[in-house]
Amino acid sequence: MRIVVDINHPAHVHFFKNFIWEMEEQGHQVVVTASQKDLAYTLLQKYGFTYIPLGCYGNSLFKKLMNLPLLDLKMYNVLKKMNPDILVGIGSIRAAHASLLLKKPCVSFEDTEHATEQIRLYLPFATSVCTPSCYRGDIGPKQIRYNGYHELAYLHPNRFTPDPAVLTELDLAEGDPFIIVRFVSWQASHDVGQHGIRDKVGLVKALEQYGRVLITSEGALPEELRAYQIRVSPEKLHDLLYYATLYVGEGGTTASEAAVLGTHAIHISTTAKYCGIFCDLNRYGLLWTSESDEETIQKAIELLQDPNLKNVGQYKRSCLVDEKIDVTAFMVWFIENYPESVSLMQENSDFQYTFQTKGSL
């Protein structure tokens, strides 16, 4: 098969990396297209992927609307001579539009309920949309639900083994208490009118009473917090999340990643209430959402006062992994057997538990 994988965010690189490696090992040809968003190109290079750069949408809603048809056309022109068999992406508007012009199927993976404008733009043209079972939206007859999360495509124990070397880079040792705090830029189209942490300095000062605070931030920090900022290679962040005592931040994907790794997480965002994954992770006692600084600090202190917090988190993680599927294994099967895989999932969705791994921790 000739498969196009479209990347539009650094998280998409993580989601698809194991899928690409497995498909290539099985003899399929994978072409990666990518737009410039944050560290997406950097991550692709770190993992050794060859990719076709499509440029940048811009950092304002106006620029994104202006550049949307331009990147659509650029992707189509790149792919029309390749004659791909199928296009895949995460909520990729340009992949869906290009697939229509190429007269090829397009499978979209989606997990962001409040990305309504994006979904409207690609849904008429995608042939299937795969969502986690906990996804709250009803996308219609194209929707295929699977019992997992995007994060389990790369952080499932079958796919990820933590490397403690990252701790040495930060003068830490296993067992040292530390809290990861993340601030985001709030520039995505679905972030308009939303907010996260109001008093960044107050939050950090409250948390550092219980361990070292390490900040990752998409934007500039106040002067008082610059000493807390870390510059960890993006491919090492998951190792750091695994060993952290707690995650507190505005980044929803990072919050979900921490929770899936067994690190308790608090996600501060007014968008969190729309997303089923956060409710599902809360069901395992691994993640909480908040819209106020006061509520966040109160919950963080409650968690940090538990001396057995890390062991408890790993036990919760084992329960989660036992119930979910290996998402990469499901993706490989679904795309290799497309479109017959759609009919099978519609007739017998329990088939997905072929990709369940119990007792893997």
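Just above, that's the structure.
Predicted model, so just to flag it, every value in this text is computed and none were measured.

### Re the sheet that holds strand β11 (residues 265–268)
Ordered in space as β9-β8-β10-β11-β12, the five strands form an open sheet in which the pairing is parallel. Both edges of this open sheet fall to β9 (212–217) and β12 (287–290), since each of them pairs with a single strand only. Geometrically, the sheet is characterised by an average inter-axis angle of 15° between neighbouring strands, direction not taken into account. Across the face of the sheet, helix α10 (residues 276–283) comes into contact with β11 and β12 while running at roughly 130° to β12.

### A word on the sheet that holds strand β6 (residues 128–132)
The seven strands are arranged β3-β2-β1-β4-β5-β6-β7 in an open sheet whose pairing can be described as parallel. Among the strands making up the open sheet, the edge pair consists of β3 (52–53) and β7 (143–146).

### A look at the layout of surface pockets
In this structure, the second largest pocket spans a volume of roughly 250 Å³. Along the walls of the second largest pocket sit 16 residues, with Gly-175, Asp-176, Pro-177, Thr-245 and Lys-310 positioned nearest its centre. Residue contributions to the lining of the second largest pocket peak at three residues, all from helix α12 (residues 309–323). Looking at the lining of the second largest pocket residue by residue, the class counts come to eight nonpolar, four polar and four charged.

### Some words on the nonpolar core
With 79 residues, the main nonpolar core has Phe-16, Phe-19, Leu-240 and Phe-334 as its most contacted residues. At eight residues, the largest contribution of residues to this core is made by helix α13 (residues 327–336). Excluding residues that lie within four positions of it along the chain, Phe-19 makes contacts with Ile-3, Val-5, Val-88, Thr-328, Met-331, Val-332 and Ile-335.

### Describing the environment of Lys-236
Along the chain, Lys-236 falls in the loop between β9 and α8 (237–243). Given a relative accessible area of 25%, Lys-236 falls into the partly exposed group. Taking the C-alpha atoms as reference points, Lys-236 and Pro-162, 74 residues apart in sequence, are found 9.1 Å from one another. Of the polar contacts made by the side chain of Lys-236, one reaches the side chain of Glu-169; its length is 2.5 Å.

### Overview of the packing of helix α7 (residues 200–207) against helix α11 (residues 293–304)
If you want to describe how two helices pack, look at the angle between their axes and the distance between the axes. The interhelical angle for the contact between α7 and α11, taken along N-to-C directions, is 15°, at an axis separation of 10 Å. As far as their axial angle goes, α11 and α7 are roughly parallel. Crossing of α7 over α11 shows right-handed handedness. Where α7 approaches α11, its residues Gly-202, Leu-203, Ala-206 and Leu-207 are matched on the opposing element by Thr-296, Ile-297, Ala-300 and Leu-304. Within the contact of α7 with α11, the residues separate by chemical class into six nonpolar, two polar and no charged.

### Remarks on unusual backbone geometry
Cis geometry marks the peptide bond from Tyr-338 to Pro-339, where omega comes out at 5°. In this structure, Pro-339 sits in the loop between α13 and α14 (340–347).

### Notes on the pairing of strand β10 (residues 246–249)
Judged by which residues are buried, β10 turns out to be covered on both faces: Leu-246 and Val-248 on one side and Tyr-247 and Gly-249 on the other are all buried. Pairing geometry for strand β8 (residues 178–183) and β10, over four bridges, is parallel. Across the sheet, the residue bridging to Ile-179 is Leu-246, located in β10. Of the strand pairs in this sheet, β10 and β11 are connected by three bridges, and their pairing is parallel.

### Here's the deal with the pairing of strand β4 (residues 86–90)
Of all five residues that make up β4, five are buried, and the element is covered over most of its length. Where burial is concerned, the two faces of β4 agree: the one with Ile-86, Val-88 and Ile-90 and the one with Leu-87 and Gly-89 are both buried. Note that strand β1 (residues 2–7) and β4 share four bridges and pair parallel. Residue pairing across strands places Val-5 opposite Val-88, the latter belonging to β4. Sheet topology places β4 next to strand β5 (residues 106–109); four bridges connect them, and they run parallel. Each residue of the ladder has a partner; that of Ile-90, found in β5, is Phe-109. Regarding the hand of the β-α-β motif, the stretch spanning β4, helix α4 (residues 93–102) and β5 is right-handed.

Analysis parameters
Residues numbered from 1 in each chain as written. Predicted model: local features only at pLDDT ≥ 70, side-chain atom pairs only at ≥ 80, totals over all residues. Heavy atoms only, no water. Pairing = 2+ DSSP bridges. Helix = DSSP H or I, 4+ residues; strand = E, 2+ residues; numbered from the N terminus. Axes fitted to C-alpha atoms, helices over the stretch in contact; angles between N-to-C directions. Contact = heavy atoms within 4.5 Å. 1 Å grid on protein atoms, 1.4 Å probe; cavity = no way out; pocket = protein on both sides within 12 Å on 5 of 7 lines; lining within 4 Å. Points joined across faces, edges and corners; volume = space filled by probe spheres on them. Nonpolar A, V, L, I, M, F, W, Y, C, P; charged D, E, K, R; others polar. Core = buried A, V, L, I, M, F, W, Y, C linked by side-chain atoms within 4.5 Å. Buried < 20%, exposed > 50% of the residue type's maximum accessible area, 1.4 Å probe, protein only. Polar contact = N/O pair within 3.5 Å; in protein donor to acceptor, adjacent residues only side chain to side chain. Parallel < 35°, antiparallel > 145°, perpendicular 65-115°, else oblique. Left-handed = near helix turned anticlockwise from the far one by under 90°. Right-handed = clockwise from strand over helix to strand, strands pointing away.

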